[in-house]
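As a plain string of letters, each chain reads:
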Amino acid sequence: MSMMNEQVDKVMADVLNWRRTMHKHPELSFEEYWTSAYIEEELQSIGQIEVTRPTETSVLGIIKGGNPGKKIGLRADIDALPIDEERTDIDFVSENKDIMHACGHDGHASILLGAAKVLVDQIDDLHGEVYLIFQHAEETPPGGAVDMVRTGLFDDLDFIYGQHLFTPIPTGQIGLLNGPVTANSDQFDVLIKGKGGHASQPENSVDPVLIGAQIISQLQALVSRVTSPLDSLVISTTNFHAGSAKNIIPDTAVLGGSVRSITPETREMVEERIEAVVKNVCDVYGAGYEYTYSKGYSSVVNDDEKTDQVRAIATEHFGDAVFEFPLAMGGEDFSAFSDLVPSTYAFIGAGNAEKDMEYPHHHPKFGIDEDSFSTGVGMMVAVAMNMTKN
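Residues numbered from 1 in each chain as written. Predicted model: local features only at pLDDT ≥ 70, side-chain atom pairs only at ≥ 80, totals over all residues. Heavy atoms only, no water.

Undergrad: Would you explain unusual backbone geometry in this entry?
TA: Trans peptide bonds make up most of the peptide bonds, and negative phi angles are found at most residues other than glycine. Here the amide bond leading from Pro141 into Pro142 is cis, since omega sits at 10 degrees, within 30 degrees of zero. Despite not being glycine, Gln48 shows a phi value in the positive range, around 60 degrees. Among the secondary structure elements, Gln48 is positioned in the loop between α2 (33–46) and β1 (50–52). Residue Gln48 is classed as exposed on the basis of its relative accessible area of 57%. Of note in the backbone geometry, Asp98 takes a positive phi value of approximately 65 degrees without being a glycine. For Asp98, the location among the structural elements is in the loop between β3 (67–77) and α3 (105–121). For Asp98, a relative accessible area of 37% puts it in the partly exposed group. (Helix = DSSP H or I, 4+ residues; strand = E, 2+ residues; numbered from the N terminus. Buried < 20%, exposed > 50% of the residue type's maximum accessible area, 1.4 Å probe, protein only.)

Undergrad: I keep staring at the packing of α3 against helix α9 (residues 373–387) and nothing clicks. Help me out?
TA: For any two helices packed against each other, the geometry is given by the interaxial angle and the distance between the axes. It is the contact of α3 with α9, at a shortest axis distance of 9 Å, that shows an interaxial angle of 50 degrees. As judged from the angle between their axes, α3 and α9 are oblique. The way α3 lies across α9 gives a crossing that is right-handed. Across the interface between the two elements, Gly107, Ile111, Leu112, Gly114, Ala115, Val118 and Leu119 of α3 pack against Phe373, Gly376, Val377, Met380, Val381, Ala384 and Met385 of α9. For the contact of α3 with α9, the per-class residue count stands at 11 nonpolar, 3 polar and no charged. (Axes fitted to C-alpha atoms, helices over the stretch in contact; angles between N-to-C directions. Parallel < 35°, antiparallel > 145°, perpendicular 65-115°, else oblique. Left-handed = near helix turned anticlockwise from the far one by under 90°. Contact = heavy atoms within 4.5 Å. Nonpolar A, V, L, I, M, F, W, Y, C, P; charged D, E, K, R; others polar.)

Undergrad: Whenever I open this one, the environment of Ser261 confuses me. Can you help?
TA: Here Ser261 lies in strand β12 (residues 252–261). The exposure class of Ser261 is buried, given its relative accessible area of 0%. Placed 208 residues apart in sequence, Ser261 and Arg53 show a C-alpha to C-alpha distance of 34 Å. Leaving out residues up to four positions away in the same chain, Ser261 has contacts with Ala183, Asn184, Ser232, Leu233, Thr266, Arg267 and Met329.

Undergrad: I would appreciate a short explanation of the environment of Lys193 in the present structure.
TA: In this fold, Lys193 is placed in strand β8 (residues 184–193). Looking at Lys193, the relative accessible area reads 36%, which means it is partly exposed. Through-space distance from the C-alpha of Lys193 to that of Cys282 is 8.6 Å; in sequence the pair is 89 residues apart. Filtering out sequence-adjacent residues up to four positions away, Lys193 remains in contact with Asp251, Thr252, Ala287, Gly288, Tyr289 and Glu290. Engagement of the side chain of Lys193 in a polar contact is seen with the side chain of Glu290, the distance being 2.9 Å. (Polar contact = N/O pair within 3.5 Å; in protein donor to acceptor, adjacent residues only side chain to side chain.)

Undergrad: Could you clarify how one ought to interpret the pattern of salt bridges in this entry?
TA: Pairing between side chains of opposite charge can happen when their charged atoms approach one another. Considering all chains together, one arrives at 23 salt bridges under this definition. The residue Lys295 makes a salt bridge to Glu271 at a minimum N-O spacing of 3.9 Å. One end of the pair, Lys295, is in strand β13 (residues 288–297); the other, Glu271, is in helix α6 (residues 264–285), and 24 residues separate them in sequence. Judged by relative accessible area, Lys295 falls into the partly exposed class, the value being 43%. Judged by relative accessible area, which is 24%, Glu271 ranks as partly exposed. Among the salt bridges present, the one from Arg311 reaches Asp308, with a minimum N-O distance of 3.0 Å. Of the two residues, Arg311 and Asp308 both sit in helix α7 (residues 304–318), 3 residues apart, roughly one turn of that helix. (Salt bridge = Lys/Arg side-chain N within 4 Å of Asp/Glu carboxyl O.)

Pasting the structure below:
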């Protein structure tokens, strides 16, 4: 353990520099041209890494160990968000207007670069091959992971490990969970076709506002009365737009929102049931409708056997810092990898109230405690050194 700590400590100055540089130059999903070029250049400077570009804005580095073993992947996402940064306590704020690393992907990429440098230093002791996966476009469906999986480059990997810096848990903690760890993340849109008229004569109209309100209310019954309380489901109607004047009943209304589920069965059920609610309410009042259900990322599922191994590795190096992470209803396109090969996705605590680093992810004042980076690098190195052994 002490040797690994020394190796990690030696790269931390580089990790912080990489993170702060990338934080100043955030790029949106599918537009990570500067970021991917920067990562490629840094990988090349480390040396002894085969560097390729699987897609236009992603990077893959391969380290071949000095001993036979398995092929595993270490994954980091690299894209940012369309948010204007509001932090004033750091000297490396975003230089790109209305774009910000508000989810920690700059930290993820820097941690993986740090792990790469440590692994190259230990290449004679390393088994097998380690694929360093710098993935584009995690934030925007259909996501960059699908693009990378389609290349076929990862089909024969034995295992892929990913992790997320996470401010809701304190710095230094490591959350792991067997089985589903994130949700299926889908969206729905509804156009209600009513009949407009004067607000004083509603009997001559088909009011899409009233219809929309009833649809929104009835959708919650799918959560509370159709789904088992033991099966997680969230339906959030997040937009509802209709009308422009106080005395006019509009012709149409539009509403839509987010659906989070865990099991494939619930995912299929809720797609059909939402439309059934829409159709039934519209039929009662004589309205028409258009319904669109868009599937986003699937649930990330941690392989039981591999995750038990990762938990043992984490406990060996970090002891009581390892805890049972609760199921998260957020979406994450690492699912494209976990659907392909046995995988584990972990959460690395990066929250620190004393440093004002507790804002939620995607907040304009989001920040991550950089003290968490050593845990992130240590986990990736430990996983790579152990999971590659036959």
